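So the chains spell out like this:
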Amino acid sequence: MFNEVYDVIVVGAGHAGSEAAAAAANMGSKTLLVTMNLQNIAQMSCNPAMGGIAKGQIVREIDALGGYSGIVSDTSAIQFKMLNKSKGPAMWSPRVQSDRMRFAEDWRLMLERTPNLDFYQEMVSGLLMDKHKVVGVKTSLGVEIKGKTVVLTNGTFLNGLIHIGNKNFGGGRAGEKAATGITEQLVSLGFESGRMKTGTPPRVDGRSLDYSKMIEQPGDENPEKFSYLDITKPLQHQRSCHMTYTSELVHDLLREGFDRSPMFNGRIKSLGPRYCPSIEDKINRFADKDRHQLFIEPEGWNTCEVYVNGFSTSLPEDVQFKALRSVVGFENVKFFRPGYAIEYDYFPPTQLKHTLETKLVVGLFFAGQINGTTGYEEAASQGLMAGINASLKVQEKEPFVLKRDEAYIGVLIDDLITKGTEEPYRMFTSRAEYRTLLRQDNADLRLTPKGFELGLASEKRLRRMEEKHEAAEKFVQFFAETSVKPEDVNPILEVKESSLIRQSDKMFKIFSRPNITIDDMRKIDEVDGYIKANNLDTEIIEQAEIQIKYSGYISKEKNNADKLSRLEYVKIPANFDYSQIKSMSIEARQKLEKVQPVTVSQASRISGVSPNDISVLLVYMGR
């Protein structure tokens, strides 16, 4: 097995590593997935859920390109919700509650069915180098495995340190040892490293909870699904989550342990995720709040283990237990295990190219939390892109890069390598300036043709996408070309308190009104007849409705994207000497020198580089 040279070696089998290995292998590269424990492939280390605000869009994009996260999310889901439905479609975000054990099992079985993919269980302790090029990995047992490219997806395992109160011990996850050796070698090669922190809440015994005192949180009445493929089906039955609240008493009990909190006594020195703070951080930062929400999430269909979302903590276990017993519904709670915080090494992502290949070492790619991100979805998308580009590099093909107006994945990677991050990076819809274009409903229209060209998306998937696109376009055209008489539509408009029409008008114009829905339009015989005659499903109808109602916004955003994309084609020569441009600010020269942007568009997004600096750069390049 180790006498051959692999095309791609993936280190780590979390969400990033699993997607990287699947992508590289499905593109025809001989791939090896090395992990410390094959029983924990695609383990959900924190909450048992996929998707959410902006994260759901990322899962849809992974699926559209031919990745596995969407399929596994569907097959292991126990609840589905479309979040932000009260807002515009650019904000709609799918989310599933997952069966933790089934999720990991389904991922492993899918990987085992993937051709060109080998597995090996051991800790990778270092890289094999030939000058500035990686040529393989070495393990803690001294095994050397040759590879043309290496993708590091080490998650929280690089020199991981777990904190519970005054106690701390090495580990990459509860019950698993930390990985050592890689950070030290990378630093010796010239890489800059840092430390980050994340945390997780206690897991409790659901049999000890009183759900009658909590607020039930059921799934959607008509659940959808993640994958665009028809091999997965929407849920027929769902498990509910529940919601309860902390109180002033709970906060007071937690404060009693602050002197033993590693967050406050200096034991933890690194920054945690701003948008997912620990409970002690919340009651400290938001002292005016007398309560905080807790979401009680089942870990699967049949297990009684429950995840207490909103109670992430590194306080001593006795403090955690005492405080939780004062939460409504938790009066008799029993712990499965306490919450904890974990510190780990990461490498500022400004040291990467857009392909996620490192600038310092040829053939070495980073994906996931090693780049300073947080979240399964962010990690999985990076893994997919790193696996794709590692495979393309071996095949000596052009790299694959998504622009900011093409995908949330493009926004994520561009943010990381252009701006860097000093705290765990999480994706939000607000980070995408073209979010009206980057909706969850059209990820297949945007990305499936690209996935097909790469060899990841099947022809069947492409044809299904084309049929959906064609049917939606024809439905929009039907509204644009068909007129409706006042007597047929005015009764509907009157009920909706919308202005009546005095003469026949195009249906497109009527349907464009913000308070008129497809259900209203279906009361017109021609519309209902068209839908039934053409057997249009919900996905096609929703796509047409969005295209009609938001056509103005979509057109405007496309124009803005087209204007800015022109700068994407203005390439900056490799190793460009910015010190020559004396009329540019010193800060801009330093930032540009460090990031080494590939295009003028990327240069314009670097913090500290002003529009004036870009003008100077364009003039200088013109000369």
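Report on the accompanying structure. Remember, it's a predicted structure, so these values are computed and weren't measured experimentally. (Residues numbered from 1 in each chain as written. Predicted model: local features only at pLDDT ≥ 70, side-chain atom pairs only at ≥ 80, totals over all residues. Heavy atoms only, no water.)

Together, Glu487, Asp488, Asp525 and Glu526 line one region of the surface with negative charge. Listed by contribution, the elements that provide at least two residues to the negative patch are helix H13 (486-495) and helix H16 (525-533). (Patch = residues over 30% accessible without salt bridge, like charges linked within 9 Å, V, L, I, M, F, W, Y side chains within 5 Å. Areas by Shrake-Rupley, 256 points an atom, 1.4 Å probe, with all protein chains shown as cover. Salt bridge = Lys/Arg side-chain N within 4 Å of Asp/Glu carboxyl O. Lys, Arg positive; Asp, Glu negative; His and termini not counted. Charge placed at Lys NZ, Arg CZ, Asp CG, Glu CD. Helix = DSSP H or I, 4+ residues; strand = E, 2+ residues; numbered from the N terminus.)

Once that is clear, we can look at the sheet that holds strand E13 (residues 203-205). An order of E14-E15-E16-E17-E13-E18 is seen for the six strands of this open sheet, with the pairing classed as antiparallel. Whereas interior strands pair on both sides, the edge strands pair on one side only; in this sheet they are strand E14 (215-217) and strand E18 (335-337). In this sheet, neighbouring strand axes are inclined to one another by 35° on average, regardless of whether the strands run parallel or antiparallel. Judged from the three bridges that link them, E14 and strand E15 (residues 241-245) form a sheet pairing that is antiparallel. Looking at the pairing, Gln217 lines up with Cys241 of E15. (Pairing = 2+ DSSP bridges. Axes fitted to C-alpha atoms, helices over the stretch in contact; angles between N-to-C directions.)

Let us now look at helix H1 (residues 15-26). In this model, H1 (12 residues) spans 16 Å end to end at C-alpha, consistent with the 16 Å of a helix rising 1.5 Å per residue. Judged by how many residues are buried, H1 sits mostly within the fold: 11 of 12 residues are covered. Listed in full, the buried residues belonging to H1 are His15, Ala16, Gly17, Ser18, Glu19, Ala20, Ala21, Ala22, Ala23, Ala24 and Ala25. Gly28 occupies a position one or two residues after H1 and carries a positive phi of about 95°. (Expected span 1.5 Å × (residues − 1). Buried < 20%, exposed > 50% of the residue type's maximum accessible area, 1.4 Å probe, protein only.)

Now for the pairing of strand E17 (residues 305-309). Sheet topology note: the E13/E17 ladder contains three bridges and is antiparallel. If you follow Val204 over to E17, its bridge partner there is Val306. Pairing geometry for strand E16 (residues 293-298) and E17, over four bridges, is antiparallel. Across the sheet, residue Pro298 finds its bridge partner in E17, namely Val306. Count of turn residues in the E16/E17 antiparallel hairpin: six residues.

Look at helix H11 (residues 443-454): 16 Å from first C-alpha to last across 12 residues, which is about the 16 Å you get at 1.5 Å a residue. Taken as a whole, H11 has its buried residues at Ala443, Asp444, Arg446, Leu447, Thr448, Gly451 and Leu454. Taken together, the buried residues of H11 touch helix H2 (55-65), helix H9 (376-394), helix H12 (459-481) and helix H17 (538-549). (Contact = heavy atoms within 4.5 Å.)

This paragraph deals with the sheet that holds strand E11 (residues 167-170). Here four strands make up an open sheet; going across it, the order is E11-E10-E19-E12 and the pairing antiparallel. Only two strands of the sheet have a single neighbouring strand rather than two, namely E11 and strand E12 (194-200). Adjacent strand axes in the sheet meet at a mean angle of 25°, parallel and antiparallel pairs treated alike. Judged from the four bridges that link them, strand E10 (residues 161-164) and E11 form a sheet pairing that is antiparallel. In the sheet register, His163 faces E11, and the bridge partner there is Asn168.

Scanning all chains against the criterion turns up 43 salt bridges. Between Lys55 and Glu377 there is a salt bridge, with the nearest N and O atoms lying 3.3 Å from each other. Linking Lys55 in helix H2 with Glu377 in helix H9, this pair joins segments that are 322 residues apart in sequence. A single burial state applies to Lys55 and to Glu377, both of which are buried. The shortest N-O distance in the salt bridge between Glu470 and Lys474 comes to 3.3 Å. With Glu470 and Lys474 both in helix H12 and four residues apart, this pair spans about one turn of that helix. Glu470 sits in the partly exposed class, given a relative accessible area of 43%. Residue Lys474 is classed as partly exposed on the basis of its relative accessible area, which comes to 45%. Put simply, Arg404, Asp414, Asp415, Lys419, Glu433 and Arg605 are held in one network by salt bridges that share partners.

Applying the stated criterion across every chain yields a total of 16 aromatic pairs. Plain terms: the ring middles of Phe321 and Phe335 are 5.4 Å apart, the flat faces sit at 85° to each other, and that makes the pair edge-to-face. You can see Phe321 sitting in helix H8 (residues 317-324) and its partner Phe335 sitting in strand E18, a full 14 residues away along the chain. Judged by its relative accessible area of 22%, Phe335 is partly exposed. Summarising the aromatic geometry, the rings of Phe576 and Tyr620 are spaced 6.0 Å apart at their centres and angled 90° between planes, so their arrangement reads as edge-to-face. A residue pair is termed long-range when its members are at least 10 positions apart, and Phe576 in the loop between helix H18 (551-565) and helix H19 (586-595) and Tyr620 in helix H21 (residues 611-622) qualify at 44 residues. For Tyr620, a relative accessible area of 27% corresponds to the partly exposed category. Within the aromatic cluster, the residues linked to one another by ring pairs are Phe475, Phe478, Phe479, Phe511 and Tyr530. Taking the ring centre of Tyr228 as reference, the NZ or CZ of Arg60 above it sits at 5.4 Å. (Phe/Tyr/Trp six-rings, centres within 6.5 Å; stacked < 30°, edge-to-face > 60°. Lys NZ or Arg CZ within 6 Å of the ring centre and 35° of its normal.)

Turning next to the nonpolar core. By size, the foremost hydrophobic cluster in this structure holds 99 residues, and its most contacted members are Leu152 and Leu364. Here this core gets nine residues from one element, more than from any other, and that element is H9. Residues within four places of Leu152 in sequence aside, it is in contact with Val11, Leu127, Ile182, Leu186, Leu364, Phe365, Phe366, Ala367 and Ile370. Among the nonpolar cores identified, the runner-up in size contains 26 residues, and Met507, Ile510, Ile524 and Ile541 belong to it. (Core = buried A, V, L, I, M, F, W, Y, C linked by side-chain atoms within 4.5 Å.)

Next up on the list: the side chain of Arg60. As for its position among the elements, Arg60 is in helix H2. In terms of polar contacts, Arg60 uses its side chain to reach the backbone carbonyl oxygen of Phe226, at 2.8 Å. Apart from residues lying up to four places away in sequence, Arg60 is in contact with Pro94, Glu224, Lys225, Phe226, Tyr228, Gln440, Asp441 and Ala443. (Polar contact = N/O pair within 3.5 Å; in protein donor to acceptor, adjacent residues only side chain to side chain.)

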